[in-house]
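# Coordinate analysis (summary)
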Amino acid sequence: MALIVKKFGGSSVRDVERIYNVARIITESYREGNDVVVVLSAQGDTTDELIEKALEVNPNPSRREMDMLLSTGEQISIALCAMAIEKLGFPVISLTGWQVNLRTDSNYGNARIKKLEGDRIRAELHKRNIVIVAGFQGINKYGDITTLGRGGSDTTAVALAAELGADLCQIYTDVDGVYTADPRIVPNAIKLDEITFDEMLELASLGAQVLQNRSVELAKRFGVHLEVLSSLESKPGTIVKEVTTRMEKTLISGVAKDDNVASVSLIGLQDVPGVAYKIFSVLAKNRVNVDIILQSIGRENTKDITFTVAKENLDLVTKILKDNQGVLAFKDMTTNDKLSKVSIVGAGMINNPGIAAQMFEALYSVGVNIQMISTSEIKVSVLIDKSESDIALKAVHDKFFATRSDH
Ligand code: ADP
Ligand code: ASP
Ligand code: MG
């Protein structure tokens, strides 16, 4: 008998038929004698629809009220799924984030888990109940509802698996595993049997939304056995683990793209020490994450700095910078929210110079212009025009995977 955490994403519970499909996967595992804890997302596109609804009422709602609204989606899923399991004749209980005491900080909309007590869940499992927990939501020190950021149900599942010491954490979704690229954009992407935590973390952070990056970080830290698999087909998925047998053979483990990118350029800054410090400390104070930064070579005592942020932060960033224009002393500011970041990821890159050049060649071959470049030991990212992102992703993927057969 094992303790298994199973998480099902929005498309897996989108309607009555899919809810029963999920209920059968759960009850089958329970019937085999396992303790089963389930984490669910909101049905289908519910979260997006709730966001739209909120913006119809108030284009600028407070983040607290937004979380109050968004958390309702998951609550609907868990109740409906529990009802389906009741109908199938199994003992079940659904619980919200606050009922399982999932404590977070107060960063509404992107809260971090601080503490999670599994006592209630353990008690329910002891009674031989199937336990269904609402993903994505928690509670802060004021007793207010918070959410964990888009895709946050993955993180709820991994956090529960870590706290409960689960034997396995299975993330069921609408694809049958992790691929070398998003299989919906790159049809000839290759399914990976295994991927390391580090590579998965990079891919997830660079836009592969199949797992929320924070869930991968947690799984690595707590040694959670993680599998990504299909809720619609019964077959092995992708195992995410510390070391894979594949690692040494492969230069690149995957390519990813992120369309949620905007750039900000500050023109005519003074070419003196402390300018970058002032800009990025004022943004950090406002909790804005900055990604790629590019500084032009100084001329006539002025320089330009361009950097990227998540698109949803663009309005906030321009406001902060305008409010501080006097101190930061830039002449002009321009923005662009029609950008994408395309990245290649792979531990094998470290000892193989020339990988970046191959990526750039692939982009050149389809006429895609690179606006910014950023590299680390295990990734190369380029910023390009959003309208060219699918073609760029395919070209880069084909460069590294078209002729490969060792996956
Ligand atoms: P869920 O609702 O189950 O959480 P998501 O939409 O969050 O599902 O994540 C699954 C989607 O991730 C897939 O439908 C796929 O289009 C996308 N995806 C992006 N990159 C990858 C990748 N490298 N491998 C597999 N799927 C990927
Ligand atoms: N429902 C939330 C979202 O759409 C959380 C999740 O699906 O993981 O982002
Ligand atoms: Mg998801």
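First, a word on what this report is: a plain description of the structure on this page. (Residues numbered from 1 in each chain as written. Chains lettered and ligands numbered in written order. Predicted model: local features only at pLDDT ≥ 70, side-chain atom pairs only at ≥ 80, totals over all residues. Heavy atoms only, no water.)

Moving on to the site of ligand 1. Taken together, 16 residues surround ligand 1, and among them Thr-173, Asp-174, Tyr-179, Asp-182 and Arg-184 come closest. Asp-174 is positioned such that a nitrogen or oxygen atom in its side chain is 2.8 Å from an oxygen atom of ligand 1. In isolation ligand 1 has 570 Å² of accessible area, and contact with the protein removes 87% of it. Broken down by class, the residue content of the shell around ligand 1 amounts to 7 nonpolar, 5 polar and 4 charged. (Near = heavy atom within 4 Å. Polar contact = N/O pair within 3.5 Å; in protein donor to acceptor, adjacent residues only side chain to side chain. Areas by Shrake-Rupley, 256 points an atom, 1.4 Å probe, with all protein chains shown as cover. Nonpolar A, V, L, I, M, F, W, Y, C, P; charged D, E, K, R; others polar.)

Moving on, we come to the sheet that holds strand 2 (residues 35-40). If you trace the 8 strands from one edge of the open sheet to the other, you get 3-6-2-1-9-11-12-10, paired in mixed fashion. Edge strands, defined here as strands with exactly one partner in the open sheet, are strand 3 (92-95) and strand 10 (194-196). The sheet shows a mean angle of 20 degrees between the axes of neighbouring strands, taken without regard to direction. Where strand 2 and strand 6 (residues 130-134) come together, 4 bridges link them in parallel fashion. In the strand pairing of strand 6, Leu-40 is matched with Ala-134. Each of strand 10 and strand 12 (238-241) touches helix 6 (residues 197-205); the most contacted strand, strand 10, lies at about 85 degrees to it. (Pairing = 2+ DSSP bridges. Helix = DSSP H or I, 4+ residues; strand = E, 2+ residues; numbered from the N terminus. Axes fitted to C-alpha atoms, helices over the stretch in contact; angles between N-to-C directions. Contact = heavy atoms within 4.5 Å.)

Take helix 9 (residues 314-323) next. For helix 9, the set of buried residues is Leu-314, Val-317, Thr-318, Ile-320 and Leu-321. The buried residues of helix 9 occupy an angular sector of 160 degrees when the element is viewed end-on, so they sit on one face. Exposed residues on helix 9 whose side chains face more than 90 degrees from its buried face are Asp-315, Lys-319, Lys-322 and Asp-323. At its buried positions, helix 9 is contacted by strand 13 (254-270), helix 8 (275-285), strand 15 (302-310), helix 10 (325-328) and strand 16 (332-345). (Buried < 20%, exposed > 50% of the residue type's maximum accessible area, 1.4 Å probe, protein only. Arc of directions from axis to C-beta.)

With that settled, the discussion passes to the packing of helix 8 against helix 9. In contact at an axis separation of 10 Å, helix 8 and helix 9 are set at 130 degrees when each is read in the N-to-C sense. Regarding the angle of helix 8 to helix 9, the classification is oblique. For the pair helix 8 and helix 9, the crossing hand works out as right-handed. Touching Ile-279, Val-282 and Leu-283 of helix 8 are Val-317, Ile-320 and Leu-321, all from helix 9. Looking at the contact of helix 8 with helix 9 residue by residue, the classes come out as 6 nonpolar, no polar and no charged. (Parallel < 35°, antiparallel > 145°, perpendicular 65-115°, else oblique. Left-handed = near helix turned anticlockwise from the far one by under 90°.)

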